Every structure is written in C-alpha cells, then in structure tokens.
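One letter stands for each residue in the lines below.
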Amino acid sequence: FDGELKPVVSQITDLDPSVRSDASQVQDLAFAVVVPPKGVAVYYVMYQNLPQNAVPAQMSKIRQVLANEPVAKISGGDLAMTFDGASGAMTSIENTKIGTSVNSSIGFVVYNSTVDNSDDGQSSGAYIFRPSGTLDVLNRGARGLNLTMVSGPVFSEMRQTFSSWLSLSTRVYEAKAWADLKWRAGPLPIGDGLGKEVSLRISSAVQSGKEFYTDSNGREMLKRKLNYRPTWNLEVSEPVAGNYYPLTAALSVSDESSEMAVVLDRACGGTSLKSGDLEFMVHRRILADDGRGVGEPLNETECGCTNCDCAGLRVAGTTSLVFGTAEESAQARRRVQAIKEAPLVAAFRPVDAMEAVKPLSGIQGKFPDNLSLMTFHALDSSTVLLRLAHMFQAGESAVGSKPATVDISTLFPGRKIEGVQEVSLSSNRVLNPDLGTTEVTVSAMQIRTFLVKHGGAQGAATAAY
C-alpha cells in the first residue's frame with residue numbers, strides 16, 4: 001500500500017542462482033514507487049492479515065527458454081527485446097513507443113592481459129590496459145547459452161549464463177523507458193596463466209560509423225572518433241586500448257534516426273570499436289605488474305591475499321540501456337543519470353497498523369525537468385548553500401537544452417527569503433552580493449551557486465525540507 005492507503009501492484013521473484021548460493025531461499029520484492037522531488041513517500045509492506053482491498057504480490061513466472069523457440073521476447077515500458085532460443089543470444093531491441101527496431105546483441109568480451117617482461121616491454125597492470133587477444137567464454141556447445149525468462153506485472157527479464165563466472169540479466173520495467181543490464185563477473189579464472197580483463201559489449205545496427213560519445217565528468221558528452229585525435233596525427237599501436245576513454249556516467253552511439261546509450265553505475269573505461277557497438281570494462285584480474293609504481297599484480301582475491309590460490313573477487317553491477325530517437329534518448333539518458341547520481345534512500349521500520357501519510361515535498365510547485373538540485377546544504381540555521389545545475393548541453397535536446405528558470409523561494413516552503421547572493425562554484429568569491437530577486441535562470445551546462453538567507457516559518461506553514 002502507498003502512504004494514502006491505496007493498493008500497489010507488486011512482484012515477488014526467486015533470486016537468480018548466479019547471485020548467491022542460497023538463492024532458492026531468498027526472494028526479491030519489487031514495486032513501483034512515486035516520490036516527489038526533494039521529498040519523502042511512505043509505503044507499507046504486509047505479509048499477513050491483508051485488508052479486503054489488498055492486491056496480493058504476484059509470483060514471477062520463471063521458465064527455461066527451449067532451444068526450438070525461434071523467438072523469445074520480453075517487453076515493458078517503451079522497450080521490447082527479442083532473443084533466439086537456439087543460441088540464447090539477444091537478436092533485436094525495439095522502442096515500441098516510436099516503432100523503431102534494430103538488430104542488437106549483448107555479451108561479454110574477455111581480453112587476455114599482455115605479459116612482457118623485457119627491458120623495454122609493457123605488461124598490462126593496475127595502471128595499464130594492454131590486451132593480447134581474447135578468450136571465448138560463450139557456453140555455446142550444441143545448446144548455446146542457458147536462457148531463462150522471468151515475467152511479472154512490475155518487470156520482466158531474460159537471464160543469460162555465459163559461463164560459471166559470467167552472467168547477465170536484461171530487465172525491462174512496466175513503468176520505465178529504459179532497461180537495466182544486471183551483470184555479474186568472477187571469480188575470473190587464471191588456470192591458463194593469463195590475466196583477464198572483462199568488458200560488456202552491446203552490438204547494434206545503429207549506423208554510427210567511427211564516431212561515439214563519452215561523458216566528461218558526468219556533464220558534457222564529447223565526440224570521439226576511432227583511431228583519431230583532433231590535435232595530432234595518431235599512430236595506432238594499440239587498436240583496443242588506444243581507443244578506450246574514461247567514463248564516469250555514459251557512453252553512446254547514434255545515427256540520423258536513433259541513439260543507443262548506456263548509463264553507468266561506476267567509473268570505468270569504454271569505447272566503440274565497431275559501428276553501433278558500446279563496450280565498457282567491468283572486471284580485471286592480472287598476474288603481472290605493469291612497472292608503474294604499485295609493485296604488485298592487480299590480483300585481488302576474496303580472502304584478501306595475492307600470492308595464493310584463493311578465488312578472485314566477484315563483481316556485480318547494474319548498467320542502464322537507453323534506445324530511441326536522439327531527442328527521446330537524450331531525455332531518458334539524462335534522467336537515468338540523475339537517478340543513479342542521487343538514488344532513493346530507503347528506510348524501514350515495523351508498524352502495528354497502517355495510517356495515511358501523504359507524500360511530502362521540499363519544493364512548492366513544479367521543478368524544471370532539465371534542472372538538477374546539485375547542492376542543498378545548510379551552513380547554519382539561516383543560510384543554505386544552493387547549487388543549480390543544468391542537465392543538458394547546448395544542442396543536445398530541442399526541449400531539454402532550453403534555459404531553465406526556477407523561483408528559489410519554492411525550495412523553501414513556509415520560509416521567508418531574506419537575501420540571495422550568487423557566488424563562485426567553490427563559494428569562496430562573491431559574484432553578486434544581492435540578486436534582488438528569487439527567480440533565476442540557468443543555461444545549458446551551466447552551474448550556478450548561491451548563498452540563500454532565510455528567516456523563520458511564515459504564518460502557520462511548516463518547513464518540509
């Protein structure tokens with residue numbers, strides 16, 4: 001039930017066995033929530049004595065996809081994904097809202113790490129990525145990948161097992177315009193004496209050519225070009241590593257009709273080595289030192305030792321996949337990025353009975369969709385450090401890139417604003433000692449910083465922040 005005691009659709013799912021060994025004894029509860037900006041919403045989870053108007057949680061339907069099924073499909077929100085039962089691979093992705101579909105597949109590429117102990121050689125290591133060929137990890141054989149379909153009222157997903165140490169769950173939601181790629185890697189095997197560097201690769205028919213885009217510190221998206229540098233003539237000696245770029249938020253490819261992007265949950269390296277490809281690194285285990293100062297291999301194990309036969313670390317993550325027109329994809333990509341940068345905080349407590357609790361918001365009225373409340377920090381009882389960041393860059397979106405205007409007073413419901421100073425980004429220099437207004441406009445990619453003085457509550461109103 002939500003805070004207004006309205007029933008909420010929910011779904012219970014047995015955990016993927018690749019997540020933990022006792023997965024059959026643990027279940028996942030999923031339901032969609034609506035939380036107001038800068039606010040709080042209450043939900044009640046009941047397991048007995050349900051009211052008559054309750055909507056019991058539905059158990060997910062889980063089944064193995066048969067090898068003779070030519071098409072296995074999951075859909076939700078704006079996306080639908082098709083898989084081939086024989087190979088177990090994804091074959092296409094479709095944005096059902098606009099009717100655009102492209103051939104696409106998702107898998108892992110495992111690079112063997114270079115070991116070069118000569119005087120002028122360079123091994124792959126903690127600071128250096130230098131691959132030497134790839135390892136075929138697809139558990140194909142006669143059957144292909146192990147493929148399991150999960151379906152329910154909140155989400156549907158397809159689970160692919162590539163090997164005992166690589167698996168992927170592709171999940172689409174009824175209430176979201178994007179998909180989540182829940183990947184798990186490790187312990188990486190080193191029995192062949194070679195280090196491993198694992199990347200997740202999405203291949204598609206998006207006609208991006210040699211161009212792709214990477215984020216700059218989560219802000220502007222920068223154009224990259226395969227085997228090219230804009231300020232000097234590049235001699236390509238490392239065709240893979242030489243095209244990897246640092247990523248903190250997103251990686252995308254596009255053509256005239258569509259854009260495909262991934263939004264990350266952590267910083268990593270990424271690239272697009274072929275037209276339509278998106279590739280980013282998820283795990284590394286290396287057996288040689290790269291000679292750059294660490295003095296030991298990047299060989300982390302579950303027990304914490306390095307010179308042992310213990311299993312390597314297991315790593316898991318959730319990367320979001322966005323696909324649509326350039327305009328729609330940009331909007332969804334920035335929205336997902338904002339959610340990942342400031343995820344919901346969940347708190348739990350037992351209660352004896354439900355009571356109505358309306359959602360609370362620290363913002364009066366509507367906050368611009370293309371604006372981010374980057375900082376809201378109380379310096380003292382009457383002063384707040386406020387940063388407003390525009391989420392889009394110029395020309396990125398016909399709608400999202402427009403200037404955003406907001407009344408600062410709406411961020412202080414029930415409080416009287418006594419003064420607004422604009423300061424530098426680090427707040428150590430005054431740019432305008434008195435704006436003379438509480439209405440401010442933020443342009444594309446701009447970050448504006450303010451010191452807001454406020455007084456006590458006005459009338460009977462109470463502050464909700």
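The rules behind the values
Residues numbered from 1 in each chain as written. Predicted model: local features only at pLDDT ≥ 70, side-chain atom pairs only at ≥ 80, totals over all residues. Heavy atoms only, no water. Helix = DSSP H or I, 4+ residues; strand = E, 2+ residues; numbered from the N terminus. Rg over C-alpha atoms; globule rule 2.2 N^0.38 Å. Buried < 20%, exposed > 50% of the residue type's maximum accessible area, 1.4 Å probe, protein only. Areas by Shrake-Rupley, 256 points an atom, 1.4 Å probe, with all protein chains shown as cover. Lys, Arg positive; Asp, Glu negative; His and termini not counted. Charge placed at Lys NZ, Arg CZ, Asp CG, Glu CD. Salt bridge = Lys/Arg side-chain N within 4 Å of Asp/Glu carboxyl O. Pairing = 2+ DSSP bridges. Axes fitted to C-alpha atoms, helices over the stretch in contact; angles between N-to-C directions. Core = buried A, V, L, I, M, F, W, Y, C linked by side-chain atoms within 4.5 Å. Contact = heavy atoms within 4.5 Å. Polar contact = N/O pair within 3.5 Å; in protein donor to acceptor, adjacent residues only side chain to side chain. pLDDT = per-residue confidence, 0-100.

Undergrad: What should I look at first to understand the overall build of the chain in this one?
TA: Helix and strand counts for the chain come out as one helix and 31 strands. At 25 Å, the chain has a C-alpha radius of gyration in line with the 23 Å of a compact globule built from 465 residues. Reported as C-alpha extents along the three principal axes, the dimensions of the chain are approximately 75 × 65 × 50 Å. Buried positions account for 43% of the 465 residues belonging to the chain. Counting every atom, the chain has about 23,300 Å² of accessible surface; 50% of that belongs to carbon and sulfur. When the 43 positive and 49 negative side-chain charges of the chain are each reduced to one mean point, those points stand 3 Å apart.

Undergrad: Which parts of the structure should I look at to understand the pattern of salt bridges?
TA: Pairing of side chains with opposite charge becomes possible as their charged atoms draw close. With the rule as written, the count across this model stands at 20 salt bridges. R201 serves as the salt-bridge partner of E279, at 2.8 Å between the closest nitrogen and oxygen. With a gap of 78 residues between them, E279 in strand β22 (residues 278-285) and R201 in strand β15 (residues 196-204) connect regions that are remote in the sequence. Note that R448 is salt-bridged to E422, the shortest N-O span being 2.6 Å. Of the two residues, R448 sits in strand β31 (residues 447-457) while E422 sits in strand β28 (residues 415-423), which places them 26 residues apart along the sequence. Under the relative-accessibility criterion, E422 is labelled buried at 12%. Through salt bridges that share partners, D16, E157, R159, R171 and R184 make up one connected network.

Undergrad: It is not clear to me how unusual backbone geometry should be interpreted in this structure. Could you clarify?
TA: Outside of glycine, negative phi angles account for most residues, and trans bonds account for most peptide bonds. Put simply, G186 and P187 share a cis peptide bond, and its omega is -5 degrees. Summarising the element assignment, P187 is placed in the loop between β14 (179-185) and β15. Phi angles above zero are rare outside glycine, and L5 is one such case at about 65 degrees. The topology assignment puts L5 in the segment before β1 (10-14). Positive phi, close to 50 degrees, is recorded for N49, a residue that is not glycine. Checked against the element boundaries, N49 lands in the loop between β3 (39-40) and β4 (58-59). The class of N49 is exposed, set by a relative accessible area of 68%.

Undergrad: Could you clarify how one ought to interpret the sheet that holds strand β13 (residues 166-173) in this entry?
TA: Across a sheet, strands are paired by hydrogen bonds formed along the backbone, either parallel or antiparallel in direction. Read from one edge of the open sheet, ten strands run β5-β11-β12-β13-β14-β23-β20-β19-β16-β17, paired in antiparallel fashion. Both edges of this open sheet fall to β5 (61-64) and β17 (220-225), since each of them pairs with a single strand only. Between one strand axis and the next, the sheet turns by 20 degrees as a mean value, whatever way the strands run.

Undergrad: I tried to follow the nonpolar core on my own but got confused; where do I start?
TA: Among soluble globular proteins, nonpolar side chains are generally buried collectively. Grouped together as the largest cluster of nonpolar side chains are 45 residues, with contacts concentrated most on M81, F108, L200, I202, M260, F280 and L321. Excluding its chain neighbours within four sequence positions, the residues that come into contact with F108 are F162, L166, S167, L168, W183, V198, S199, L200 and V282. Residues L371, V440, F450 and V452 belong to the second largest nonpolar core, which totals 18 residues.

Undergrad: Would you mind showing me how to read the sheet that holds strand β2 (residues 27-31) here?
TA: Reading across from one edge, β2-β1-β4 is the order of the three strands in this open sheet, with mixed pairing throughout. In this open sheet, the two edge strands, each paired with only one partner strand, are β2 and β4. Bridge analysis of β1 against β2 gives five bridges, and the strand direction is antiparallel. Residue pairing across strands places S10 opposite F31, the latter belonging to β2.

Undergrad: Looking at this structure, how should I read the side chain of S320?
TA: Note that S320 resides in strand β23 (residues 315-324). Engagement of the side chain of S320 in a polar contact is seen with the side chain of K340, the distance being 3.5 Å. Each residue touching S320, except ones within four places of it in the same chain, is listed here: W178, A179, D180, A261, V262, V263, V336 and K340.

Undergrad: Looking at this structure, how should I read the pairing of strand β7 (residues 79-83)?
TA: Side chains on a regular strand alternate between the two faces of the sheet. Burial within β7 is extensive, with five of its five residues counted as buried. The alternating pattern of β7 places L79, M81 and F83 and A80 and T82 on opposite faces, both of which are buried. Bridge count for strand β6 (residues 72-76) against β7 is five bridges, and the pairing is antiparallel. Within β7, the position partnered with I74 by the bridge is M81. Joining the antiparallel neighbours β6 and β7 is a turn of two residues, in which G77 adopts a positive phi near 60 degrees.

Undergrad: Help me understand the environment of V198 in this model?
TA: Along the chain, V198 turns up in strand β15. Note: C-alpha distance between V198 and R284 (86 residues apart in sequence) is 6.1 Å. If near-sequence neighbours (up to four positions away) are discounted, V198 is found in contact with F108, V109, V110, W165, L166, L188, M281, V282 and H283.

Undergrad: Where do I start with the confidence of the model for the chain in this structure?
TA: Any segment with low pLDDT has predicted coordinates that should not be analysed in fine detail. Confidence along the chain averages 91 in pLDDT terms, with 95% of residues attaining 70 or more. This model gives residues 460-465 a pLDDT under 50, and the stretch forms 14 contacts once residues within four places in sequence are excluded.

Undergrad: Looking at this structure, I do not really get the pairing of β22. What am I missing?
TA: In terms of residue burial, β22 counts as a mostly covered element, since eight of its eight residues are buried. Here strand β21 (residues 268-271) pairs with β22 via two bridges, running antiparallel. Counted as the bridge partner of T271 is E279 from β22. If you look at the hairpin formed by β21 and β22, you'll find six residues sitting between the two strands, and G276 has a positive phi there, around 85 degrees.

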